Amino acid sequence: MKYIFHEPAAYCRWRKCLLIMRLTIILLIAFVLHAGARGTAQTVTLSVTNMPLEKVCKEIEHQTGYYFVYAKDLTSESHLVSVKVVSASIGETLRQLFYGLPFSWQVINRVVVVNTVKANPRMVERLSSSQGEKMMKVEGIVQNEDGQPITEASVTIRATGKGTLTNENGRFFFPSLEAGSVLVISHIGYSDQIVLVKDNFLTVNLPVAVKGLNATVVKGYYKTSNKLNTGSVATVSGEDIARQPVTDPLLALEGRVPGLYISQTSGAPGAYSTIQLRGQNSIYTSAKPITANDPLFIVDGVPFSSQTLTDPYYGGGLLGRPFFVGGQRQGMSPFNYLNPADIERIDILKDGDATAIYGSRGANGVIIITTKKGKVGQTKININVSTGASKVTRKLDLLNTHQYLNMRYEALKNDNFYQYLVPEYAMYFPDIMIWDSTRYTDWQKVLISQPNNFTNAQASISGGNTSTQFAIGAGYTRQGVVFPGRYADQKGSIHFSLSNTSPNNRLVTQLSAFYSYDNSNLPGVDPTQNITLAPDAPALFDANGNLNWQVFNGGATFDNPLSYTAAYARAISHFLSGNLQLNYQIFSRLHLSSNFGFSRGQLNQTNISPSNSFPPPNDFPSLRSSVFGSTEIDTWIIEPQASYLARIGKGQLDLLVGGTFQENTAKSNTVIATGFSSDALITNPLAASSSKVAGNNFTLYRYNAFYGKINYNWKETYLLNITARRDGSSRFGPGKQFGNFGAVGIGWVFSKERFIQDILPRLDFGKIRISYGSTGNDQIIDYQYMSTYTPNGLSYQGVTGLYPTRMPNPYFAWERVNKMEAGLDIGILANKVLISVDYYRNRTKDQLVGFPLPYFTGFTNVQGNLPALIQNAGVECGINTTAIKKRDLTWNIAVNFSLPRNKLVAYPGIEKTSYATTYAVGHSIFSRFVYHYIGVDPQTGLYRVLSKSSNGIPKFPEDLIVSKPITQSYHGGIQNTIIYKGFQLDFLIQFVKQLGYSYITSFDRPGIMNQNVPVLIMNNHWQKAGDAAVVQRFTQGSYYPADQANGLFTSSDGVIVDQSFARLKNVNISYHLPGKWKDKASLQEASLFVQCQNLLTITKFAGMDPETGGLNLPPMRTIVLGFNVTF
Amino acid sequence: MIYMAWFVCSCKKFVQIPAPVTQLVTTSTFSNSGSATAAVTSLYTQMQFSSFNMSQTCGLLSDELNIGLTNNTSLIHYFKNAMASSSGTYAGPWVEAYKYIYQANTIIEQLDHSNALNKAIKDQLEGEAKFVRGFWFFYLVNCYGDIPLVLSSDYTINANIARSPKNKVYQQIVADLTDAENLLSSNYVDGTDTTNTSERVRPTKWAAISLLARVYLYTKDFVNAEKMSTIVINNNSVYGIVDSLNDVFKANSKETIWQLAVPLPTTINTQDGYNFILIVPPASGGTANTSLISSMLLDSFETGDLRRIKWIGAYTTKGIPAISYYFPYKYKVYRSSNVTEYTMILRLAEQYLIRAEARAQQGSNLNDAIADLNMIRHRAGLADYMGTIDKTSILAAILHEREVEFFCEWGHRWFDLIRTGNSNAVMSVITPLKGGDWSSDWQLFPIPQGEINLDHNLIQNPGYL
């Protein structure tokens, strides 16, 4: 693990992280030692008393490598045995073991077949007589628990490793098989079954594997199982999502997946989250869309754009404009259009092997969302209703009026401004000279603590027979907000899925679609930023209920934070996504399939500002304005594909070739109408004296790819997965459109090796996987290579102007990410503990970045491939354990842990670019060039930063140092599920170790007019010469040295502070009604539940919330109560 | 194989997309007169939106404006003559000017290659592009001194060039404006480039000559300055001094040589009007409605000067005592969607004062210089110049007249102080009053530090870090 010690100074920070790794290693070593002591091959040493028979058999399996095949009643705990043998032969051991028990046994080719004597005496007879000689014709059928045939299940003869596959009817056939052979039947997503060949016809039922090694892993165009996967994939189940009172499914992933870091940017319903899967691969610049570092999202086979629909020109609603504001993206998150209740599972693809099949689009990882499908069985109706309320997680302790005025007077005194406290300058000091200084208002209470309501109602019907299954779901969610006024985000959605298998089982058709409607009237501003209003600020409404502006001499003396209540903002979104999958089996093992997908997102925004929403004087007709914006994004995709499956030798070969044709079109249009003669007419653009098209955008993106995959697994022990593809993107100029990508993944299930079994008999499963691959990235704004002019929508002499759109460059090409990964998966204690550890190293080169140009060339950047090489490396660890599994009590614990590290490895010529003072080679791209802060000068009371020059004046850039990375140094989560009889308790603890910006940066200089600050600042500020203070002298904004010192302080490492936190992210308590009650009400299932999100936060951070950082609405603590019934 | 080849070809076509329907490929922009004109006139639209800062910025730098008690740091720094190279705020004129110069260069290059336009249209558009390039080089050279002389749109050529000396820049300006004089129409044209109009919102031959007159004055070529201004003044069928001070800045007034129209639809008339006019007491933050007329400027008007009354507005509080705040009131419209005023860039009064100064400098015809000066004094309600008739006194009178005629208008005062060599004498008194320290280095703006980081051939102006 040497790789992580880039810098010795950082050692301390790693200790905690290493602890978990160390534990893992100790655990492993213990096993090796343990095994070494008992590692004999053909003889058995046993000493047990009253041990269940099954356990003893297992132990013998471990010691000898023989297999036991037995009937189910053997496993019942009633058979307790006592055996004592030392270096005994297998025969001797078995004779002792079964003495006096109602079983017969027989050793055939290292397989011990055990049978109940009474149940099948003929069987034993036949076995003993047929040993090694009798050959028979064997056929069979493999089906799932619903009786549907399972095609292409692998049927392997255990003794030889050879085998076959089932056909489209789930049938298999061996022309000649030794009687008594043991067959292992396996299929992705099902638990393996071992059967003994006793008759000419066998029926095998495979149970679905929900968790553990056999569980399905969705890798995009194909599926595999945890056991056979060569890549790094994490899965979050629909149940885990359903337990959380959130409307955005991304929020349900917070803290659950190793390597995935999601943080909310605001607690407002529908707000964006920041998503990072294994760090940031690309330098962000204005020439990239803000989604450039997002993973690729696929919903039921259709690419899902993480780009907001919010109009790029005039955002409506709180969720504002989709640009980075204060480092955070704004606009309504498109994930809000997905109904968490419709989601069956989310698979997160991380390494080169897993993402290579997505080529270009998978550079930042791939997140595959699969919606619920119908299941065979009785038609089920499920209803789930919950309701609750939200509160902000944290509040600040701000100054009261007395303290505030003291601060202001001190600031005025410091700045020598007392002389201006005269009527002539009253308007510059309204908080002292105009407002009622006896008033006190707790603005946090007024602005972000209002009662609200969260309601969620979901209903679904599903069912089907063996040929056709269906599922229909509908949902309604209303999420209120803590601001004054009736504001909410309401969402209605419907989802369906239909699948059919033709009678000959050759054609499988699956159609699924969902539609959602979102109606948000959240205001255009976040009132949280106004909690810093002076505590003596006037009442927000006058006696008549109108907005109060505390007018002085015709002008407002403050910006009323509730001016949004006079305005009106509404965002209505429609989102439709449909997907048809056809799969046809031409002849045995060869499938042709095609995926047809379409999605359409549409957002209409209205933003109306009547004159009374502006501060007086507001009697200009031209002030009144209405903004109407609409955005549409259409995507279609066609993916033809052929696959072939074969048994070759002792292995299984999987071939896949396919292609993708994708087109995205985006259109947006903004109309601004102004000059209404009256507020009453303001919603009608026809009443405007003028209206203009302020924005009109159109982009077309086309993407095309061909790919192939070869997968071979030899005896489920040696795994090889090769993917290759050629991608074309319309974002590159002629000749640069296509790029080649590929990956190789190998896996070695070492627990299958005899010698490993001998050394590590307690190891149930062990796999090492290594992968290397390259993927591309074309996440830039469309058309960057083209030289074009764009209309500016403004008419000059009746001619609408045109201006050059960009500095064109036809020569840039694909950005490349080379991904390397090594992983270890192990299962111990009868696979009750599954541990997975990954090391990855991703390196991005040919960065597609706006190449910075001096202003005098006409544009500030030109799109190009930057020579920067960025590395994201790290360790991820996931542990799933079943701590307790008893009849009435089950306790599952899942721990995940991520240790990401980012580094700018190389950037030749960086000193000649504008990045020279932004990024430092050899450091993380989250590090910043800052001054080194050395505290408040006790004499002057000003912040001081370190300067090399003799006069003490810091010089730019000579005095800059590189800061620590302002990002997460490690993060993870601990998920617990405890089930006791009808009760279930789930809780998730999320922990994040990170650096961020101090709470001081959320506030203007203390002492400024109408700017309240935390008591913490008041208690720690400089007052007189000699004070050792944390905060510099108060200033009202006109003492130049104080402004300058504050400027230096905010660009120093003094504002970089620990922003770590641990959070009880989610708690779910449910009670399942006992069976007799359900029977009475003829219900299949009924439960009551309480769900809480963000219940408790532990942090040293002194600001609003460590997740959102600055002064915006922190994440909500939501508590809901509900019930769930199925009948 | 053939099938495969066909398939691959069709895929290449699939990802080759046409230009977006909302944009126009550059070469086709200039193969059609409508779109070519649109590319040129959009320059004026852009200028109308962002160039207003010139009046406020230079007003703060000189002795014209005061900032009250605003806490807008960048205004404070202008006011105290304490600009910093590292702050993006002071990059304003640089960024704007070079944006327009890039577009002008593109237009000149594209028109050169375009055969689709008729000569009259092509000449007019090329003339305008050269005029705009010369115009902005003029402001750059006066703000920054030596500057990168960017004459093409190719960033691979331009990205690393060094600053050219002032005289070389002025040579280019004269060349551009002379070309423009020859290419531009002598009548105001409308959106078709060939039909005459009464709207004085596109540069003409006369605009080019007027700007040449100014350039010659600044470069002390007084013979040519006189010659050029005379040509404009003699065109008295088109241009004349407007009698009423309140009508000077109206759209298409007779004094107008070139104005910028406000693009329609609009909620304001001119950025200066919206920026300067106070309808409430001055604001403590922001850029608009923060600057006030300084006492120095108020005191410099002679008694009875109508400009003191008509061109300076006052906002008086209703309280006791009533307090008045003074602001530039050349433009009368604060906000309105009904357009009556355009942004004035070149007007005839300047040509009279240019000629007066050029004549006085030549010393041969001082009476004619006084006659030109009196033209402007009469309109302001003032009597004839009564001072001594010697070159120094007359020049001082002309300079004073420029101060009160062109206050808060495109930086005239600030540039006059510098070009006449008076800045050190004046500002070493004024700057301390404003709370700053004067150095002759502060005559020039700092080159934005980011530009020096990107182009190592650029050297910062003296005095700046």
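Bear in mind the structure is a predicted one, so any value in this text is a computation, not a measurement.

Rules behind the numbers
Residues numbered from 1 in each chain as written. Chains lettered and ligands numbered in written order. Predicted model: local features only at pLDDT ≥ 70, side-chain atom pairs only at ≥ 80, totals over all residues. Heavy atoms only, no water. Helix = DSSP H or I, 4+ residues; strand = E, 2+ residues; numbered from the N terminus. Contact = heavy atoms within 4.5 Å. Areas by Shrake-Rupley, 256 points an atom, 1.4 Å probe, with all protein chains shown as cover. Lys, Arg positive; Asp, Glu negative; His and termini not counted. Charge placed at Lys NZ, Arg CZ, Asp CG, Glu CD. Rg over C-alpha atoms; globule rule 2.2 N^0.38 Å. Buried < 20%, exposed > 50% of the residue type's maximum accessible area, 1.4 Å probe, protein only. Axes fitted to C-alpha atoms, helices over the stretch in contact; angles between N-to-C directions. Parallel < 35°, antiparallel > 145°, perpendicular 65-115°, else oblique. Left-handed = near helix turned anticlockwise from the far one by under 90°. Nonpolar A, V, L, I, M, F, W, Y, C, P; charged D, E, K, R; others polar. Phe/Tyr/Trp six-rings, centres within 6.5 Å; stacked < 30°, edge-to-face > 60°. Lys NZ or Arg CZ within 6 Å of the ring centre and 35° of its normal. Buried area = accessible area lost by both parts, 1.4 Å probe. Salt bridge = Lys/Arg side-chain N within 4 Å of Asp/Glu carboxyl O. Pairing = 2+ DSSP bridges. Core = buried A, V, L, I, M, F, W, Y, C linked by side-chain atoms within 4.5 Å. Expected span 1.5 Å × (residues − 1). Polar contact = N/O pair within 3.5 Å; in protein donor to acceptor, adjacent residues only side chain to side chain. pLDDT = per-residue confidence, 0-100.

Secondary structure assignment for chain B yields 20 helices and 9 strands. Taken along its principal axes, the extent of the C-alpha atoms in chain B is 95 × 50 × 45 Å. If you take every contact in chain B between residues at least 6 apart in sequence, the share linking residues at least 24 apart comes to 69%. Here chain B displays about 16500 Å² of accessible surface, and carbon together with sulfur accounts for 55% of that area. Placing the 36 positive and 41 negative side-chain charges of chain B at their respective mean positions leaves the two points 3 Å apart.

Bringing the overall build of chain A into the picture now. Along chain A, the regular secondary structure elements total 13 helices and 52 strands. Computed over C-alpha atoms, the radius of gyration of chain A comes to 33 Å, within 12% of the 32 Å expected from 2.2 N^0.38 for 1127 residues, which places it in the range of a compact globule. Dimensions of chain A, computed from C-alpha atoms along their principal axes, come out at roughly 115 × 70 × 65 Å. Per-residue burial over chain A gives 58% buried out of 1127 residues. Restricting to contacts in chain A with at least 6 residues of sequence separation, those with at least 24 account for 69%. Summed over its atoms, the accessible surface of chain A is roughly 44300 Å², and 57% of this surface lies on carbon and sulfur atoms. Side chains of chain A give 99 positive and 77 negative charges; the mean places of these two sets differ by 6 Å.

What follows covers the packing of helix 15 (residues 348–362) of chain B against helix 17 (residues 391–405) of chain B. Packed helices, taken two at a time, are described by the angle between their axes plus the distance between the axes. Residues and elements named next belong to chain B. Two numbers describe how helix 15 lies on helix 17: the axes approach to 9 Å, and their chain directions differ by 165°. Considering the angle they form, helix 15 stands roughly antiparallel to helix 17. Crossing of helix 15 over helix 17 shows left-handed handedness. Only Lys391, Ile394, Leu395, Ile398, Glu401, Arg402 and Glu405 of helix 17 make contact with helix 15, whose side of the interface consists of Ala349, Glu350, Leu353, Ile354, Ala356, Glu357, Ala360 and Gln361. Its residues assigned to classes, the contact of helix 15 with helix 17 shows 8 nonpolar, 1 polar and 6 charged.

All names here are of chain A. With respect to the element layout, phenylalanine 496 can be found in strand 25 (residues 488–501). By relative accessible area, which is 33% here, phenylalanine 496 ends up partly exposed. Note: C-alpha distance between phenylalanine 496 and tryptophan 636 (140 residues apart in sequence) is 19 Å. Every residue in contact with phenylalanine 496, bar those within four places of it in the chain, is listed here: Ala471, Ile472, Leu511, Ser512 and Ala513.

So, on to the packing of aromatic side chains. Across all of its chains, the model carries 60 aromatic pairs over all chains by this definition. Each ring, one from Trp136(B) and one from Trp410(B), has its centre 6.3 Å from the other, and the planes form 55°; the classification is tilted. Highlighted residues: Trp136(B) in helix 7 (residues 119–144) and Trp410(B) in the loop between helix 17 and helix 18 (412–419), separated in sequence by 274 residues. Three or more aromatic residues joined by ring pairs form one cluster here, namely Tyr796(A), Tyr44(B), Tyr100(B), Phe131(B), Phe135(B), Trp136(B), Phe138(B), Tyr139(B), Tyr218(B), Trp258(B), Trp410(B) and Phe415(B). Over the ring of Tyr326(B) we find Arg308(B); its NZ or CZ atom is 5.3 Å from the centre of that ring.

Before going further, it helps to spend a moment on the packing of helix 3 (residues 33–50) of chain B against helix 6 (residues 92–113) of chain B. All names here are of chain B. Packing of helix 3 against helix 6 leaves a shortest axis separation of 10 Å and a crossing angle of 175°. The angle between helix 3 and helix 6 places the two elements in the roughly antiparallel class. When helix 3 is examined against helix 6, the residues Ala39, Val40, Ser42, Leu43, Gln46, Met47 and Ser50 are found in contact with a partner set consisting of Glu96, Lys99, Tyr100, Gln103 and Ile107. Here the contact of helix 3 with helix 6 is built from residues that sort into 6 nonpolar, 4 polar and 2 charged.

Here we take up the environment of Phe172(A). Residues and elements named next belong to chain A. Position of phenylalanine 172 among the secondary structure elements: in strand 9 (residues 171–178). Residue classification places phenylalanine 172 among the buried positions, given a relative accessible area of 2%. A C-alpha to C-alpha distance of 5.4 Å links phenylalanine 172 and glycine 140, two positions 32 residues apart in sequence. Apart from the residues within four sequence positions on either side, phenylalanine 172 is in contact with Val138, Glu139, Gly140, Ile141, Val142, Val155, Thr164, Leu165, Thr166, Leu183 and Leu202.

Moving on, we get to the interface of chain A and chain B. Each partner contributes residues to the interface: chain A has 80 residues there, and chain B has 87 residues. Both sides together, the interface formed by chain A and chain B hides about 6900 Å², and carbon and sulfur atoms give 67% of it. When the buried surface of chain A facing chain B is broken down by residue, Tyr789(A), Tyr796(A) and Phe856(A) rank first, second and third, together holding 14% of it. Along the contact surface separating chain A from chain B lie 0 salt bridges.

Quick look at the sheet that holds strand 36 (residues 799–804) of chain A now. Here 3 strands make up an open sheet; going across it, the order is 36(A)-35(A)-1(B) and the pairing antiparallel. Of all the strands in the sheet, the pair left with one neighbour each is strand 36 of chain A together with strand 1 (24–25) of chain B. Relative to strand 1 of chain B, strand 35 (residues 788–796) of chain A runs antiparallel, the two sharing 2 bridges. Paired with Thr788(A) across the strands is Val25(B), a residue of strand 1 of chain B. Helix 3 of chain B contacts strand 35 and strand 36 of chain A together with strand 1 of chain B of the sheet and is inclined by roughly 85° relative to strand 36 of chain A.

This next bit is on the nonpolar core. Judged by nonpolar contacts, the single largest core of 132 residues is most densely connected at Phe131(B), Trp136(B) and Trp258(B). Of the residues forming this core, the biggest block, 14 residues, is contributed by helix 7 of chain B. With sequence-adjacent residues up to four places away left out, Phe131(B) is seen in contact with Leu177(B), Ala180(B), Leu184(B), Pro203(B), Ala207(B), Ala208(B), Leu211(B), Trp258(B) and Leu346(B). Judged by nonpolar contacts, the second largest core, of 71 residues, contains Leu447(A), Trp549(A), Phe620(A) and Ala1045(A).

On to helix 15 of chain B. Side chains of residues three or four places apart in an α-helix project in the same direction, reflecting 3.6 residues per turn. Residue and element names in this part refer to chain B. Look at helix 15: 21 Å from first C-alpha to last across 15 residues, which is about the 21 Å you get at 1.5 Å a residue. Within helix 15, 13 of the 15 residues are buried, leaving the element largely enclosed by the surrounding structure. Directly after helix 15, the chain includes glycine 363, whose backbone phi takes a positive value near 75°.

The next thing to look at is the sheet that holds strand 9 of chain A. Residue and element names in this part refer to chain A. Judged by pairing direction, the sheet is mixed, and its 3 strands sit side by side in the order 9-6-12 without closing on themselves. The open sheet has two edge strands with one neighbour each: strand 9 and strand 12 (201–206). The sheet shows a mean angle of 25° between the axes of neighbouring strands, taken without regard to direction. Pairing geometry for strand 6 (residues 135–144) and strand 9, over 6 bridges, is antiparallel. If you follow methionine 136 over to strand 9, its bridge partner there is leucine 177.

Residue and element names in this part refer to chain B. Between its first and last C-alpha atoms helix 17 spans 20 Å; for 15 residues at 1.5 Å apiece the expected length is 21 Å, and the two agree. Those residues of helix 17 lying buried are Ile394, Leu395, Ala397, Ile398, Leu399, Glu401, Arg402, Glu403, Val404 and Glu405. A side-chain oxygen of the first residue of helix 17 lies 3.1 Å from the backbone nitrogen of threonine 392; this N-cap is aspartate 390.

Residues and elements named next belong to chain A. Confidence in the prediction of chain A, expressed as mean pLDDT, is 85, and 91% of residues score 70 or more. Counting interchain partners and residues more than four positions distant, the pLDDT-below-50 stretch residues 26–41 has 21 contacts. Counting interchain partners and residues more than four positions distant, the pLDDT-below-50 stretch residues 119–132 has 16 contacts.

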